[in-house]
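Each chain, letter by letter, is given below.
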Amino acid sequence: MGSRVRVLNATHVRSPETSNPLPNNDDDHAIKLSLLDTMFLPYQPMRRLFFYEGDDLPPFPALLRTLQSSLAATLAVFTPLAGHLAVSSPSEDVVIDCSPSAVSQGVRFVEAEYAGTTDDMRRLASDAEAYAQLVPTLVVTALPVPALAVQVTRPADTDDGGGIGAVVAGVSMCHGVGDGQALWEFIRAWAAAARGGSPALPGFLPPVFDRAVINRHPKAEAVSRTFLRIFAPALPMMNAFPKPDTTLQGRRTYLLSARQIRSLKQRISPQSNGNLADGDGVPPSTVPKPPTTYAAVASLVWTGADDDAYLLFTADCRARLRPPMPAAFLGNCVKLCYARATMGELRDGGVGALARAASAVREAVREQLEDPLGDVDRWLECYRAVPPDRFVQIGSSHRFAAYETDFGWGKPSRVELAAVFVREFVAVVSVVLDRGCMDGFEANFLSQLDGLE
């Protein structure tokens with residue numbers, strides 16, 4: 001589709017102060033990236049869209065004022081997100097530049113308009129081709145690059161004096177700054193500030209920026225340098241991963257109710273399927289325990305594989321490092337894990353296939369996260385060993401509670417990834433596949449959902 005979004009105004013939101021100090025280091029205005037941050041430097045930014053609709057939405061000018069003032073208050077606590085990914089001198093380390101000159105530039109805040117009615121705007125929630133127009137651009141091919149940008153889009157028939165009926169908030173964050181957990185901690189704090197005037201509402205944990213636990217690993221510096229030589233051999237230029245060709249992709253989103261997820265876990269669980277081992281070819285010694293929600297949904301997706309297959313997924317390592325990182329750590333702290341199964345194990349249908357898929361995910365977590373950084377010097381080797389046409393990559397997590405993002409005018413009607421990193425990707429549960437594979441995947445996926453009500 002041609003561009004139907006035009007920019008009305010672009011400003012910068014600046015924090016009046018910094019209330020959360022950076023960790024002590026040689027330069028208090030720079031955070032050196034850890035090896036886990038460096039691993040994500042070439043990735044496209046994380047881009048999230050929040051669709052809101054309803055008669056309770058405030059007039060657009062009032063909505064903008066709320067989002068801008070609350071963003072400023074949140075940036076005072078999430079200081080690195082007001083900074084830039086940059087190259088330090090003379091060490092040529094890649095850092096998050098939080099110096100006064102970098103932070104004072106503020107976060108780009110785009111006000112935009114969609115060339116359509118309010119009803120057209122509401123239909124955008126299911127129009128994947130429009131998503132890229134609803135998020136602000138962050139180009140990661142050369143440093144420095146801002147850590148964060150925001151865009152808010154209204155329909156063209158909006159009357160500034162009244163409610164707007166529908167609005168889309170888009171957020172882009174450089175992956176080198178932090179992972180999905182970091183992004184969602186920021187979004188939750190921003191929404192809390194919009195509702196209550198401050199991100200520090202009851203239960204709020206200030207973000208932690210200190211990467212010392214990761215950087216002290218004996219292999220950290222060498223592996224980080226290896227990553228940097230591959231991803232950015234000619235700093236400040238970067239070898240960013242190319243965007244996949246969206247014209248070849250189909251995208252569909254599936255909403256699973258809490259009841260369906262409970263039913264799925266019960267279907268897989270041996271406690272509710274007493275003869276699972278005998279009836280479905282699963283040896284008693286390998287009968288899986290009740291799966292987590294993530295493993296259950298991953299198995300539902302993975303049983304659509306067409307051949308000997310790998311499931312690639314990122315797993316949070318905060319609680320698994322020794323010593324553990326705080327849950328509020330603002331940075332990258334995930335590891336890419338690999339689960340493997342054969343076509344026969346995944347395609348024979350029934351509870352057995354789901355159970356084997358869930359068991360493979362659990363086993364991958366057990367084996368590969370016992371010592372998350374122990375094999376860090378072999379990560380590139382492991383990734384390159386996976387046949388590129390034999391894996392499904394799954395990301396995001398139900399734990400992020402995306403549909404609880406309330407800026408003061410209710411929960412979103414839809415939350416979507418505006419862009420994906422690879423050609424085929426599943427974010428629990430938005431599915432991006434080659435168009436020719438989508439109908440077959442959906443038929444299998446929906447057949448597995450039968451009886452889960």
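Keep in mind the model is a prediction, meaning the values are calculated, not measured. (Residues numbered from 1 in each chain as written. Predicted model: local features only at pLDDT ≥ 70, side-chain atom pairs only at ≥ 80, totals over all residues. Heavy atoms only, no water.)

Notes on the confidence of the model for the chain
Item 1. Confidence along the chain averages 83 in pLDDT terms, with 82% of residues attaining 70 or more.
Item 2. Counting contacts from residues 271–288, a segment whose pLDDT is below 50, to residues more than four positions away or on other chains yields 29 contacts. (pLDDT = per-residue confidence, 0-100. Contact = heavy atoms within 4.5 Å.)

Some remarks on unusual backbone geometry
Item 1. A cis amide bond links L143 to the next residue, P144, at an omega of 5°.
Item 2. Position of P144 relative to the elements: it lies in the loop between helix 4 (118–123) and strand 7 (145–146).
Item 3. Despite not being glycine, E92 has its phi angle at roughly 60°, a positive value.
Item 4. Examined against the element boundaries, E92 turns out to sit in the loop between strand 4 (84–87) and strand 5 (94–97).
Item 5. Residues other than glycine seldom take positive phi values, yet A401 does so here, at roughly 50°. (Helix = DSSP H or I, 4+ residues; strand = E, 2+ residues; numbered from the N terminus.)

Topic: empty space enclosed by the protein
Item 1. Under the defined criterion, the tally for this structure stands at 2 cavities of 30 Å³ or more.
Item 2. By volume, the largest cavity is sized at about 80 Å³.
Item 3. Sorting elements by how many residues they give to the lining of the largest cavity places helix 7 (residues 220–231) first, with 4 residues.
Item 4. Each residue belonging to the lining of the largest cavity can be placed in one class, and the counts come to 3 nonpolar, 2 polar and 4 charged.
Item 5. In this structure, the second largest cavity spans a volume of roughly 40 Å³.
Item 6. Looking at the second largest cavity, the residues that line it are F51, Y52, E53, M121, R122, A125, A166, V167, V168 and S413.
Item 7. Those elements that place two or more of their residues in the lining of the second largest cavity are strand 3 (46–53), helix 4 and strand 9 (166–173).
Item 8. Grouping the amino acids of the lining of the second largest cavity by side-chain chemistry returns 7 nonpolar, 1 polar and 2 charged. (1 Å grid on protein atoms, 1.4 Å probe; cavity = no way out; pocket = protein on both sides within 12 Å on 5 of 7 lines; lining within 4 Å. Points joined across faces, edges and corners; volume = space filled by probe spheres on them. Nonpolar A, V, L, I, M, F, W, Y, C, P; charged D, E, K, R; others polar.)

Here we look at the sheet that holds strand 7
Item 1. Pairing is antiparallel in the open sheet, where 4 strands are placed in the order 2-5-4-7. Sheet topology places strand 2 (30–32) and strand 7 at the edges, where each strand pairs with a single neighbour.
Item 2. Of the strand pairs in this sheet, strand 2 and strand 5 are connected by 3 bridges, and their pairing is antiparallel. Directly across from I31, in strand 5, lies its bridge partner I96. (Pairing = 2+ DSSP bridges.)

Comments concerning the nonpolar core
Item 1. Ranked by size, the top nonpolar core spans 62 residues in total, and within it L71, L81, L85 and V152 carry the most contacts.
Item 2. Among the elements of the structure, strand 3, helix 2 (60–75), strand 5, strand 6 (107–114), strand 8 (148–155), strand 9 and helix 5 (180–196) are those that each provide at least two residues to this core.
Item 3. Top contributing element to this core by residue count: helix 5, with 9 residues.
Item 4. If you count residues domain by domain, this core takes at least three from each of domain 1 (5–14 + 26–232) and domain 2 (246–271 + 287–451).
Item 5. Sequence-distant contacts of L81, defined by excluding residues within four places in its chain, comprise L75, V107, A147, L148, M173, V177, F186 and L330. (Core = buried A, V, L, I, M, F, W, Y, C linked by side-chain atoms within 4.5 Å. Buried < 20%, exposed > 50% of the residue type's maximum accessible area, 1.4 Å probe, protein only. Domains from an automatic or database assignment.)

Section: the packing of helix 2 against helix 5
Item 1. Packing of helix 2 against helix 5 leaves a shortest axis separation of 8 Å and a crossing angle of 125°. Taken as axis vectors, helix 2 and helix 5 run oblique relative to one another. The chirality of how helix 2 crosses helix 5 is right-handed. Together, T66, L67, S70, L71 and T74 of helix 2 and F186, A189, W190, A193 and A194 of helix 5 make up the contact between the two elements. (Axes fitted to C-alpha atoms, helices over the stretch in contact; angles between N-to-C directions. Parallel < 35°, antiparallel > 145°, perpendicular 65-115°, else oblique. Left-handed = near helix turned anticlockwise from the far one by under 90°.)

What about the pairing of strand 11 (residues 309–316)?
Item 1. With 7 of its 8 residues buried, strand 11 lies for the most part within the structure.
Item 2. Of the pairings in the sheet, the one linking strand 11 to strand 12 (residues 334–341) comprises 8 bridges and is antiparallel in character. When the bridges of strand 12 are listed, F313 appears paired with C337.
Item 3. Examined bridge by bridge, strand 11 and strand 13 (residues 391–395) share 4 bridges and lie parallel to one another. Within the sheet, the bridge partner assigned to L311 lies in strand 13 and is V392.

Examining the state of the cysteines
Item 1. Enumeration over the complete set of coordinates arrives at 0 disulfides.
Item 2. Cysteine C317 is unpaired, with the sulfur of C333 as its nearest cysteine sulfur at 5.4 Å. (Disulfide = S-S within 2.5 Å.)

Overview of helix 8 (residues 258–268)
Item 1. Among the residues making up helix 8, those that are buried are Q260, I261, S263, L264, R267 and I268. End-on view of helix 8: buried residues confined to an arc of 160°, all on one side of the axis. Those residues of helix 8 that are exposed and aimed more than 90 degrees away from the buried face are A258 and R259. (Arc of directions from axis to C-beta.)

Here we look at the packing of aromatic side chains
Two descriptors summarise a pair of aromatic rings, namely the distance from one centre to the other and the angle between the planes of the rings.
Item 1. Counting across every chain of the model gives 12 aromatic pairs.
Item 2. Aromatic pair Y52 and W409: ring centres 6.3 Å apart, planes at 85°, arrangement edge-to-face. Here the residue Y52 occupies a position in strand 3, and W409 occupies one in the loop between strand 13 and strand 14 (414–417), the gap between them amounting to 357 residues.
Item 3. On the numbers, 6.4 Å between centres and 50° between planes, the contact of F78 with F204 is tilted. Taken together, the residues F78 in the loop between helix 2 and strand 4 and F204 in the loop between helix 5 and helix 6 (212–215) connect sequence positions 126 residues apart.
Item 4. For F78, a relative accessible area of 2% puts it in the buried group.
Item 5. Residue F204 is classed as partly exposed on the basis of its relative accessible area of 22%.
Item 6. By the ring-pair criterion, three or more aromatic residues cluster together here, those being Y52, F78, F186, W190, F204, F407 and W409. (Phe/Tyr/Trp six-rings, centres within 6.5 Å; stacked < 30°, edge-to-face > 60°.)

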